[in-house]
Structures are given as structure tokens and as C-alpha cells.
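What follows is the residue order along each chain.
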Amino acid sequence: MKTLISFALLFILGLLAGCTTTTEEIIAPIVPSITTQPGSTTTTVTSSSSMVTSATGLQGMFVSNLHPTSGSVNVTETNGKRILVFTNFKTDGGPDLRIYLAENTGLRNFIEVSRLEKSGNFSVELPAEADPTKQRYVLIWCKAFSVLFGSSELK
């Protein structure tokens, strides 16, 4: 019986530690300037390669769940495509981190946006079927262990 309990404790500790690493990747910013016209709700983001206009106004700050997660995210549109723009984003490393869009932090009506492979400033295109006005939560999820690292509510 003692052996079974010891095995169960080791197994649980292994699961808890499975989504934790100490490696961190920081990438260079992709969005060097942001301007807002006085009296306007439209923000123009310019980089050396393109111009992006945010007409949705949806943005949020990340909060930690089981792992420290921070930074901000906003939804922009360019050439008819919606894009999630992450700024100063940081979280712990994990073996199978994904970016999901969902109606709540419990994965209600979720859609996988992409694998999470970076920290810092970056952007990912939303799938055509994603609706950030209904799926208002951006989740950082470890798929292999079903663990929510952190989330941001788009408002």
C-alpha cells in the first residue's frame, strides 16, 4: 500500500512539474509605433513593413493562473484579417503551450489560434471562424497537461 501511495505522489508531482521549464525566449518588437488621432477610436500601428488599423477596440491585460503570465493583447484588422497583437508578453515555458480564444477560462466554445512559441512582442492571425466579440478570452493553455497558464479578457 505504501508503494502505491508513493507512486501516486510521484506521478502527481511529475504532472505538476511537466508544464514548467525555466527557459525564456525574448524577441524583438514588431510594432515600433502606435498613434491615435484625437477624438478617434481608431488606433494606427505602424511598423517598417506594414500599416495596421485597429477598428475593433478589443484589448486586455494578461492575468496569471497556475503560472506567472503577463503582458497585453489587442485585436487589430489588416487586409480583412483579424490579428492578435501581443505586447510585453511573458509566461513560463511549457511542453505544449497553445493560444486559444474562448468564451470563458473554462474553455467554453474555444478555438485554437496557434502554438505559443514566443515571448515579448509578436502577433498571430485569428482563424476566420474565430469571433473575438463572443470568444472574449485569450487563453495560454498547456494542451498536454490541460493547464491554464494565464488569460486575458478582451474588452
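For the structure itself, consult the block above.
In short, a report on the structure. Predicted model, so just to flag it, every value in this text is computed and none were measured.

## A word on the overall build of the chain
So, step 1. Scanning the chain for helices and strands turns up one helix and 11 strands.
So, step 2. Its helices and strands taken in sequence order, the chain reads α-β-β-β-β-β-β-β-β-β-β-β from the N to the C terminus.
So, step 3. Looking at the 155 residues of the chain, the share that counts as buried comes to 37%.
So, step 4. Of the contacts formed within the chain by residues at least 6 apart in sequence, a portion of 56% connects residues at least 24 apart.
So, step 5. Surface summary for the chain: the accessible area is close to 9100 Å², and the carbon and sulfur share equals 56%.

## Points about the packing of aromatic side chains
Each aromatic ring pair is described using two quantities: the centre-to-centre distance and the angle formed by the ring planes.
So, step 1. Applying the stated rule across the entire model yields seven aromatic pairs.
So, step 2. Here the aromatic rings of Phe62 and Phe86 are separated by 5.9 Å at their centres, their planes lie at 15 degrees, and the arrangement is stacked. Taken together, the residues Phe62 in strand E4 (residues 59-64) and Phe86 in strand E6 (residues 81-91) connect sequence positions 24 residues apart.
So, step 3. Aromatic pair Phe89 and Phe122: ring centres 6.0 Å apart, planes at 85 degrees, arrangement edge-to-face. Taken as a pair, Phe89 in strand E6 and Phe122 in strand E9 (residues 120-125) lie far apart in primary sequence, 33 residues in all.
So, step 4. Looking at Phe89, the relative accessible area reads 1%, which means it is buried.
So, step 5. A network of ring pairs unites the aromatic residues Phe62, Phe86, Phe89 and Phe122 as a single cluster.

Each value, and the rule that gives it
Residue positions are given per chain, counting from 1 as you read along its sequence in written order. Two thresholds apply to this predicted model, a pLDDT of at least 70 for residue-level local features and 80 or more for giving and counting side-chain atom pairs, whereas whole-chain, interface and lining totals are computed over all residues. Side-chain measures here rest on the full set of heavy atoms in the structure, leaving out hydrogens and waters. For helices the rule is a DSSP run of H or I covering at least 4 residues; for strands it is a run of E covering at least 2, with both sets numbered from the N terminus onward. Accessibility here uses a 1.4 Å probe with only protein chains present; expressed as a share of the type maximum, an area under 20% marks a residue as buried, one over 50% as exposed, and anything in between as partly exposed. Any two residues whose heavy atoms approach within 4.5 Å are treated as being in contact. Here the open area of atoms and residues is found with the Shrake-Rupley method and a 1.4 Å probe, where only the protein chains shown may cover a residue. Ring pairs shown here join Phe, Tyr and Trp side chains whose ring centres sit within 6.5 Å, with only the six-membered ring taken for Trp; geometry is labelled stacked below 30 degrees between planes, edge-to-face above 60, and tilted in between.

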